[in-house]
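Each chain, letter by letter, is given below.
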Amino acid sequence: MEGEHYCDSPDVLRGIFADLDPRSAPKAFCVVKPLSQFTAEEAPELVAFFARPETLCGLHQLAAFVSHDPEVVASPWGAACANLITWPLKYLSDGKPRAVLGGWDPSARKFFKTDELSLTISYDMFRQMLDRFEDSFLMTKTWSTVQKKISRSRRTWGEEG
């Protein structure tokens, strides 16, 4: 088997996996769905965003705003699924919730839009962001300038209706 050559040896990868130490799956299936499809009795563990840089800058800064942690955003090495699920869950289990920036995996780039990355946060951090965004930079003139760039990007990529 050719392999992906993202690590220079299987032993290096085994060392990373040992450090990451993914938890066992709590159920038979991992369900991924839009927040709008959760019932009142359900609560997601994580919330993932797929976005381009201007939108990500808002999420990045808002994560720092609600957490008071200048290192709240992490971008560890890993496959796309590791940045979407495994790393965020590891940070939670270690008691250090992080917003995990991903989408770097060359094998998974074909599933992302051009210039798109991912950012995954805990559901608790998501709720804090919803509760506090009105007190943040998102209500400033500076952010309105970024919003113009977001609109231009959407027009450029044919995503504005």
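The following refers to the structure shown.

Calculation rules
- Residues numbered from 1 in each chain as written.
- Predicted model: local features only at pLDDT ≥ 70, side-chain atom pairs only at ≥ 80, totals over all residues.
- Heavy atoms only, no water.
- Salt bridge = Lys/Arg side-chain N within 4 Å of Asp/Glu carboxyl O.
- Helix = DSSP H or I, 4+ residues; strand = E, 2+ residues; numbered from the N terminus.
- Buried < 20%, exposed > 50% of the residue type's maximum accessible area, 1.4 Å probe, protein only.
- Pairing = 2+ DSSP bridges.
- Contact = heavy atoms within 4.5 Å.
- Axes fitted to C-alpha atoms, helices over the stretch in contact; angles between N-to-C directions.
- Phe/Tyr/Trp six-rings, centres within 6.5 Å; stacked < 30°, edge-to-face > 60°.
- Right-handed = clockwise from strand over helix to strand, strands pointing away.

Description of the pattern of salt bridges
Tallying each qualifying case throughout the model produces nine salt bridges. Glutamate 54 is paired through a salt bridge with lysine 149; the nearest N and O atoms lie 3.2 Å apart. Here the residue glutamate 54 occupies a position in helix H2 (residues 53–67), and lysine 149 occupies one in helix H5 (residues 141–156), the gap between them amounting to 95 residues. Of the residues examined, lysine 149 reaches a relative accessible area of 39% and is grouped as partly exposed. Ionic pairing is found between aspartate 69 and arginine 98, a salt bridge with its closest N-O pair at 2.7 Å.

So, the pairing of strand S4 (residues 117–122)
In terms of burial, S4 is largely enclosed, as six of its six residues are buried. The alternating pattern of S4 places Leu117, Leu119 and Ile121 and Ser118, Thr120 and Ser122 on opposite faces, both of which are buried. Pairing of strand S1 (residues 46–51) with S4 involves six bridges; the strand directions are antiparallel. Residue pairing for S4: alanine 51 is matched across the bridge by leucine 117.

Describing the sheet that holds strand S3 (residues 99–102)
The four strands are arranged S1-S4-S3-S2 in an open sheet whose pairing can be described as mixed. Of all strands in the sheet, those bounded by a partner on one side alone are S1 and strand S2 (73–74). As paired elements, S3 and S4 share three bridges and run antiparallel to each other. Note that in S4 the partner of leucine 101 across the bridge is leucine 119. Packing against the sheet, H2 makes contact with S1, S2, S3 and S4, and its axis sits at approximately 145° to S1.

Details of the packing of aromatic side chains
Overall, the coordinates contain five aromatic pairs when judged by the stated rule. Aromatic pair phenylalanine 50 and phenylalanine 112: ring centres 5.7 Å apart, planes at 55°, arrangement tilted. You can see phenylalanine 50 sitting in strand S1 and its partner phenylalanine 112 sitting in the loop between S3 and S4, a full 62 residues away along the chain. Judged by relative accessible area, which is 12%, phenylalanine 112 ranks as buried. With 5.7 Å between their ring centres and 80° between their planes, phenylalanine 137 and tryptophan 143 make a pair best called edge-to-face. For phenylalanine 137, a relative accessible area of 23% corresponds to the partly exposed category.

Concerning the environment of glycine 78
Along the chain, glycine 78 turns up in the loop between S2 and helix H3 (80–93). When the C-alpha positions of glycine 78 and aspartate 105 are compared, they lie 6.9 Å apart, and in sequence the two are 27 residues distant.

Section: the pairing of S3
Successive side chains on a regular strand alternate, one facing one side of the sheet and the next facing the other. A two-sided burial pattern is seen for S3, the buried positions comprising Ala99 and Leu101 on one face and Val100 and Gly102 on the other. Here S2 runs beside S3; their pairing, made up of two bridges, is parallel. Paired with valine 73 across the strands is alanine 99, a residue of S3. With H3 bridging S2 and its parallel neighbour S3, the resulting β-α-β unit is right-handed.

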